[in-house]
Structure formats: C-alpha cells, structure tokens
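# A closer look at the structure
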Amino acid sequence: KRPGPSIVFIFGGSGDLNYRKLTPALYNLFLDDWMPDHFAIAGIGRSPYSNDAYREHLLEGITKFSRRKGKQNGHWKDFKEHVSYLQMDGDDEKAYHLITDMVKEKELEWGIHPNVIFYLAVAPQLVPSIASKLGALKICSDTSSTRIVVEKPFGHDLASAHELNALLTGMFAEEQIFRIDHYLGKETVQNILALRFANALFEPVWNRNYIDHVQITAAESVGLEGRGGYFEHSGALRDMVQNHILQILCMVAMEAPVSFEANEIRNKKVDVLNAIRRIQHHEVHDFAVRGQYGPGWKKGNEVVGYRQENGVNPQSSTETFAAAKFYIDNWRWQGVPFYVRTGKYLNQKDTHITIQFKPAPHYAFPSESADSWRSNRLTISIQPNMDISIRFQVKRPGQSMNLDPVDMKFGYEESGGEHAPEAYETLLLDVMEGDATLFMRADQVESAWKVIMPILETWEGRKPQDFPNYAPDSWGPDDADALLARDGHSWINTV
Ligand code: BG6
C-alpha cells in the first residue's frame, strides 16, 4: 500500500547525502510506483538555485549514484515536477514561514492535509537549532502526520546524545522522531530477522550450548572519500560500531519478538544492548583494538596515509580501524564472545556475520581428515555478496574416509535480490508510512553509547604509540588478529 499524500522537506538539500542517496531513493520509489499520488519534495539550503538548476543538479546525482541511472524513459520529466528548492537559512527563524506556506498551498491544492516530513541531512551541529525552530511550528504538534528524520551521528558521546534526545523529545513525540541507521534498511540486514524468526530450524541451536562465537565484520575498501573533516572528529568506533555494528549484533542476539510492531522489536533489541557486559576502563586493552592506516598501495595505486589526508591532523590519534570483543550477559549468550571489526582501506569491502558453532563433541574420524573450525558455521553476507551459507563437512568421494568442507548457499541476488530496493528507499517509504520499526528509539541510541563509552574514553585518554599501524589493502593491525588468537580463533574473510 502506498503512503498518503506527503511533503518531504530536506534540510541540506544542496548537500551530498541528498545528491547521492535521498533524491535517488525517492526517484526509485517513484519508478517502482511507491510514491503517493500527491507528493512534493522540497530541498532546503542556503546556496542559490533556481528550481530548474536544482533539478538538473539532482538528476546528475541520480545518473551517478542511483541503482537505476538516468532519466528512465521520460519518468524524470514527471518526477521533477514534484521537486522544488527553498532557499533559506536554517538558522533564520523568520524564514520558516516558507515551510508553512508551502504546506498550506499543497493542502489547498490536494484537498487533504498531507504527511509533513522534515529530513535533517545536515551537519550534526546544525541539528539542535533547526529542530528547535521546527518544533515551534504549529504543524509539529500534529503527532500523527508531522515527522522529523535525524541522520547519524546521533550525538558525539553519551552525554551529547542524551542532550539531543532531550531536545527532540521536548518538541516532538517519540513516534514523530525517526533516527536513521541506514544499515537497518538494507535488505540483507532485515533478512536476518526472517532467517531467525520465520524458521524453527535455527532457534534450537542459536545459543551458548551450540554456538562457540560470533563474528561481525564491516570491512570497507574505500578510504575517507573526502570526509576527512568529519571523520577526524569521529573515528571508526563512533562512525560504525556505535550504530551499524551494534544494530547488527542486536539482530543476531535478540530474543524472538512477539510481533513486528515497532516497539516490540525495539524492546527486544534494547534488551541486548543493556545486557552487553560493560568493559571496564582498565581492561579495554584486552577487549578492543584500534588502528590507523599509513601510506601505501591500494589496488595498485599509491595512497597517502590517514595523517596526510585533507582535514586530518598530521599527528592524529583518530582510529580508522576498530575491533572489539563483547559478551552478552544473559541466559542465551553467557560466555559466547561476539567479535566485531570495521576499518577503512581494508583489503576488500566485506560485511558479514559468522556464526561459528562448537566442534562436534567427539571426533571419530582420523584427526588429519577434517578441521571442525573450518566448517560447522553459518555465514550471513550482507554486502557486497548477499547470501547465506552453511559450511559443513562431507566425505570426499573415494576409498578413504577423508572429509572436506562444502558450502550450501542461498544467493539473495539470484532470488530477485538484484532488484532489491536500497536502504534509503525502504527507510524513506517507512517514514512516509509512519512505521518506525527500522529506526532507533531514544533509549536504544543511548544504550549503544553506553556500550562503547569506556573504550572511547580510554582511547581518548591514552595516545596510541604505534599509529599508523596497518597498511592500506591489509586486514588491519596485527593486534586485531591477536585479539582472537588469544581465544584460539581467527577472523574469517568471505570475499
Ligand atoms: C556511514 C559511515 O554511516 O556508513 C561511512 O559514516 C561508511 O563512513 C558508511 O563508509 C558505510 O555504509 P555502506 O552502506 O557503504 O556500508
């Protein structure tokens, strides 16, 4: 079912996120016939643009970044009529009437009060000022149809996230606030829930009795992509672990939801975050590893080290790689380590989850014939591969009893997944429909900060002595391997 009439106001309308992701996503929704009968998209920004120049600029973004490029047989001509540009300064309270005027105009034209969505695709320091000016508008007291979407980073630490939550919840009802984590919109991430909770096959073994450990890797092959100024004040732990990786961890570890109602799913996830054992400051060294890439070669091209990147301090202590070991203190997961890692300029783009099961309790085969650690595992590949595979051992054909690991694989792409919507398409559609299931609730964001605060504080208080400590195109610093080796394990790469 398509959503009702909607106006999407995009603060940061002339910015990169809108250019690369938001408008291309809205356009794809339009091509797939998911946009409402009546809709308008208004980019808001300070740069001067005529409507026509703005539309041309967005078309360029679609051509470069959309999963379906270009004008698509004249559909662009129809779509662009819905797009306009409002030149205004988000700091100027007096300019906000432009928004209310537009809402009134559309209401008259369409004969119905539309959903009004404010998407804050702006630098985090601008969010409080814009949100409070929006909050003062009368339309924002309409909790059923006015919504605000806040991009990550949601705060810089626990205290600032708490402050931002206080500000937003002071102005908007929780059901109006959509805190985005775009990983939750990814098809393969949503599929984790289907795999776990639509099959009875996995649940009996999905616990500490059968699972030895879990690995979550979100390796990036790209570097900073011109975002040095942002990343220097963020680092990999804030940028990827606090949000994307912990959210994936929640989906792997949560208890079965009773329904797919937004709060039910979010309650179950927050239970996981609250159960993650707090790492003590003095033990951070044993539980977390940080890295920073130096100069080197990336796929045959010479690249500068992190400290030589634009916008980065030449003595920077910011980590471009982070790995950690978490324990979840509850009945299901007691004693099962969850290893997570992420980094820039790693050897491959590879986001996946590995569930490593315990070895068979007794091995009757000749010991050299098999290695239970190489098999006996479930891998959920999120990107670029989109598949779920189970690796187990079989007898190698022949007279001797030798075993080989084999994969039984479900390819999401071959099952129609290549036409799957992108994360932002799913999430924007959900916002228009008012479905917050795939968005972060205030307490979830804060609980996730609580998990990483001891690591952040310890790292900030202690300058790394060995930075840079990994080369581009590698799999990160040696210490990351040592983190698992201490437990007798090693990282698994799938691509
Ligand atoms: C963003 C981070 O949230 O996620 C980026 O800020 C990172 O640094 C990106 O590159 C990764 O997203 P994806 O969808 O390409 O895995």
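An unreviewed UniProt entry annotates the protein as Glucose-6-phosphate 1-dehydrogenase originating from Dyadobacter jejuensis. Quoted verbatim from the Catalytic activity (unreviewed entry) heading of the UniProt record, the comment on the protein is "D-glucose 6-phosphate + NADP(+) = 6-phospho-D-glucono-1,5-lactone + NADPH + H(+)". UniProt, in its Pathway (unreviewed entry) section for the protein, records the words "Carbohydrate degradation; pentose phosphate pathway; D-ribulose 5-phosphate from D-glucose 6-phosphate (oxidative stage): step 1/3."

### Re helix α6 (residues 158-171)
When the terminal C-alpha atoms of α6 are compared, their 20 Å separation across 14 residues agrees well with the 20 Å that a helix rising 1.5 Å per residue should span. Among all positions in α6, only A161, L164, N165 and L168 are buried. The buried residues of α6 occupy one face: seen down the axis, they fall within an arc of 100°. Structural note: α6 exposes A159, E163 and G170 on the side pointing more than 90 degrees away from its buried face. Of the surrounding elements, those touching the buried residues of α6 are α5 (127-135), β5 (146-150), β6 (177-179) and α13 (442-461).

### A few points about the pairing of strand β4 (residues 115-120)
A large share of β4 lies buried, amounting to 6 of its 6 residues. Of the strand pairs in this sheet, strand β1 (residues 6-11) and β4 are connected by 6 bridges, and their pairing is parallel. If you follow F11 over to β4, its bridge partner there is L120. Sheet analysis places β4 next to β5, joined by 5 bridges and oriented parallel. What sits directly across from I117, in β5, is R147. The handedness of the β4 to β5 crossover, carried by α5, is right-handed.

### Here's the deal with the packing of helix α9 (residues 236-253) against α13
For the pair α9 and α13, interaxial distance at closest approach is 10 Å and the crossing angle is 140°. One element, α9, and the other, α13, form an angle in the oblique class. In the packing of α9 onto α13, the handedness of the crossing is right-handed. Along the contact surface, α9 presents L237, R238, V241, Q242, L246 and Q247, while α13 presents Q444, V445, A448, W449, V451, I452, I455, L456, W459 and E460.

### Things to note about the side chain of H352
Mapping H352 onto the fold places it in strand β13 (residues 350-357). Polar contacts involving the side chain of H352 include one to the side chain of D350, which spans 3.0 Å. In contact with H352, other than residues within four places in its own chain, are Q215, I216, T217, T379, I380, S381, I382, I492, N493 and T494.

### Quick word on the sheet that holds strand β8 (residues 288-291)
Here 8 strands make up an open sheet; going across it, the order is β8-β11-β12-β7-β13-β14-β15-β16 and the pairing mixed. Because the sheet does not close on itself, it has two edges, and the strands there are β8 and β16 (403-411). The average angle at which neighbouring strand axes cross in this sheet is 15°, direction not considered. Taken together, the 4 bridges between β8 and strand β11 (residues 321-326) define a ladder with antiparallel strand orientation. From the neighbouring strand, V289 faces β11, where its bridge partner is A323. Where helix α7 (residues 187-197) meets the sheet, its contacts fall on β13, β14 (377-383), β15 (387-395) and β16, and the angle it forms with β14 comes to roughly 150°. On top of the sheet, α9 reaches β7 (211-219), β11, β12 (338-343), β13 and β14; it is set at about 145° to β12, its chief contact.

### Focus: the packing of helix α1 (residues 16-31) against helix α2 (residues 51-65)
Orientation of α1 relative to α2, taken along the N-to-C sense of each, is 90°, at an axis distance of 8 Å. As summarised for this structure, α1 and α2 are arranged roughly perpendicular, according to the angle between their axes. Seen from α1, the contacting residues are N18, Y19, R20, T23, P24 and Y27; seen from α2, they are Y54, H57, L58, E60, G61, I62, K64 and F65. Its residues placed into classes, the contact of α1 with α2 shows 7 nonpolar, 4 polar and 3 charged.

Cut-offs applied
Residues numbered from 1 in each chain as written. Predicted model: local features only at pLDDT ≥ 70, side-chain atom pairs only at ≥ 80, totals over all residues. Heavy atoms only, no water. UniProt positions renumbered as here; feature names shortened; annotations may be inferred. Helix = DSSP H or I, 4+ residues; strand = E, 2+ residues; numbered from the N terminus. Expected span 1.5 Å × (residues − 1). Buried < 20%, exposed > 50% of the residue type's maximum accessible area, 1.4 Å probe, protein only. Arc of directions from axis to C-beta. Contact = heavy atoms within 4.5 Å. Pairing = 2+ DSSP bridges. Right-handed = clockwise from strand over helix to strand, strands pointing away. Axes fitted to C-alpha atoms, helices over the stretch in contact; angles between N-to-C directions. Parallel < 35°, antiparallel > 145°, perpendicular 65-115°, else oblique. Left-handed = near helix turned anticlockwise from the far one by under 90°. Polar contact = N/O pair within 3.5 Å; in protein donor to acceptor, adjacent residues only side chain to side chain. Nonpolar A, V, L, I, M, F, W, Y, C, P; charged D, E, K, R; others polar.

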